[in-house]
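Structural characterization, general
Below are the chains, spelled out letter by letter.
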Amino acid sequence: MKLLEWQGRELFQRYGIPVPRGEVVDDPAAARRVAAGLGSAVVLKAQVPVGGRGKAGGIRIAPSPQEAERVAAELLGSEIKGIEVERLLVAEAVEIRAEHYLGITIDRARRTPVMIYSPEGGVEIEEVARIKPEAVAREHIPPLEGPSPFRLRRLFRIAPPGPRKDLSRIALKLYELFRDYEATLVEINPLAETPAGLLALDAKVIIDEDHSPDPKFAELGMVAGDPTERVAREAGFSYVRLEGDIGVIGNGAGLVMATLDLVSQAGGKPACFLDIGGGARAERVRAAVELVLGDERVRAVFVNVFGGITRCDEVARGLIEGAGGTRVPIVVRLTGTNEEEGRRILSQAGVRPVETMEEGAELVVSLAEEGR
Ligand code: GDP
Ligand code: MN
C-alpha cells in the first residue's frame, strides 16, 4: 500500500521528522486560504501516487494567495501521469540550499533493512547510483541491533559535516517509523538543507500489504488507494485489483489463482482476485458478491467454490442475496459439502451452476463479451 505524500508527511510528523508547514486542500479557494494563513510563497503539490511529479508539472510554486488559487484551479482535476488530481498539498515554499536523499528499504537477499543515503538528492536515487555510485552510501541494519551509532557514522561519512548530526537524528526516527508501520520502503527525497535546518520536502511510504492488523493502520487505509480495495480490506477479504472486466471470486488463494488462469486461457481478463477464505458463511459470500458487483468495470462474475469446510448451501444462499436484482451475469461452480442443497437453492433462484472450472471459464468469458 503506497501512501500519498500527505499521509507520509503525517507519519513523519508523528515521529518528529521536520516538515514544512502545510495543509491538504481539494478546492482552489481553500488553497488561497491556506496560502494566506502561511503568509509566505507556497508550493502546490499534486497528491498522486507516482514519483517524478516535479518533472510532470505536478509541483508548482505560487508567490501569493491569489496565485495559489489560480494554480490550484489549474492543477485540480488535471491529470499527472494519467492520474486525476483530487487533492493538493499546499506547503510553505522554503529556500533550498542543498538536497539530500535518505531512505530505508528491505534488502531481500540479506533479509535485513538497508539504509541508503546520498548528499545528492532531489533526483532519482537509481540515477545517482548509476552515474555517480560513490555518492550513494548503504548501511545494513540488523533488526536486533537497530541503527547503532557506528552504523550511522559509517552511513553519513559521505555527508557534509554540517548536517551530519541532524541527519543521524532523522535517520533514527525514520527507522522507528519504518519498523512500527511495517514499511517496505520509506524515502525522503529531497531531505533539504534550509535556513531552518533539515526539512523533509517529500514523503514516500510503502506499507507491507500483509501488515499485522492494528488500529494505527486504519486511518491510513481509509484514505489510501482504490475504494474497492479499501472496502475489501475492511471486510477482511484477500483482494487484488486487476485490469480486466470479469470478477473472480473463490475460496482459497490457490483455487482463485487457478481460476484466473483459466479465465485468461479462455481469452478473458479478470477484474480482480477475491479470496473469501475457508469456512465462509452466507454473510461473507454475500459481501464478496456485492463488493465485486459494485465495481462498475465488472461485466460478468465467476464464483468458483470448493466446499470442504465451506458449505455449498451457505455459499448459494449468500450468492443469491448478494446478486439480488443485478443484471450482471454470474457463473457458479460449486462442489463439495452439501452440494445438492447448494445447487437446489441456486436453481430455485434461476442460476444454473456449471459442472467444471473449464466450462465456467468459457461461459463467463462469452457472457462478458456479450455485455461489452
Ligand atoms: P517528486 O518530483 O514527485 O519527487 O516531488 P517532490 O516533492 O520531491 O518535489 C520535486 C522538487 O520540487 C524537489 O526536488 C524540489 O526541488 C522542489 N520543491 C519541493 N518543495 C519545494 C519548496 O518548498 N521550495 C522549493 N524551492 N522547491 C521545492
Ligand atoms: Mn521527491
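The notes below deal with the structure included here.

Rules and cut-offs
- Residues numbered from 1 in each chain as written.
- Chains lettered and ligands numbered in written order.
- Predicted model: local features only at pLDDT ≥ 70, side-chain atom pairs only at ≥ 80, totals over all residues.
- Heavy atoms only, no water.
- Helix = DSSP H or I, 4+ residues; strand = E, 2+ residues; numbered from the N terminus.
- Buried < 20%, exposed > 50% of the residue type's maximum accessible area, 1.4 Å probe, protein only.
- Contact = heavy atoms within 4.5 Å.
- Areas by Shrake-Rupley, 256 points an atom, 1.4 Å probe, with all protein chains shown as cover.
- Lys, Arg positive; Asp, Glu negative; His and termini not counted.
- Charge placed at Lys NZ, Arg CZ, Asp CG, Glu CD.
- Core = buried A, V, L, I, M, F, W, Y, C linked by side-chain atoms within 4.5 Å.
- Donors = N, O, S within 2.8 Å, 3.2 Å for Na, K, Ca; no water.
- Near = heavy atom within 4 Å.
- Polar contact = N/O pair within 3.5 Å; in protein donor to acceptor, adjacent residues only side chain to side chain.
- Nonpolar A, V, L, I, M, F, W, Y, C, P; charged D, E, K, R; others polar.
- Domains from an automatic or database assignment.

For the protein, the count of helices and strands is 13 helices and 17 strands. Projecting the C-alpha coordinates of the protein onto the three principal axes gives extents of approximately 75 × 50 × 35 Å. In the protein, which comprises 372 residues, the proportion classed as buried is 48%. A separation threshold of at least 6 residues defines the contact pool for the protein, and within that pool the share at least 24 residues apart is 67%. On the protein, roughly 17,800 Å² of surface is accessible, and the fraction owed to carbon and sulfur atoms is 51%. Positive and negative charge centroids in the protein, built from 48 and 57 side chains respectively, lie 5 Å apart.

This part is about the nonpolar core. Counting 36 residues, the largest nonpolar core has Phe12 and Phe156 as its most contacted members. The element that contributes the greatest number of residues to this core is helix α6 (residues 164–180), accounting for seven residues. Among all residues touching phenylalanine 156, those that are not within four sequence positions of it are Leu102, Tyr117, Arg164, Leu167, Ser168 and Ala171.

Our focus in this paragraph is the coordination of the manganese ion (ligand 2). At 2.2 to 2.3 Å from the manganese ion (ligand 2) lie its protein donor atoms, namely Asn189 (O) and Asp202 (OD). Of the two residues, asparagine 189 is situated in strand β10 (residues 183–194) and aspartate 202 in the loop between β11 (197–200) and β12 (204–207); the sequence distance between them amounts to 13 residues. Look at asparagine 189 and you get buried, because its relative accessible area is 15%.

This brings us to the site of ligand 1. As a matter of local geometry, ligand 1 sits amid 18 residues, with Lys45, Arg53, Gly54, Val94 and Glu99 nearest to it. Here an oxygen atom of ligand 1 and a side-chain polar atom of arginine 53 are 2.8 Å apart. Compared with its free state, where it exposes 560 Å², ligand 1 has 79% of that area covered by protein. Along the lines of polarity and charge, the residues of the shell around ligand 1 split into eight nonpolar, five polar and five charged. In terms of domain composition, the shell around ligand 1 takes at least three residues from each of domain 1 (21–92) and domain 2 (98–207).

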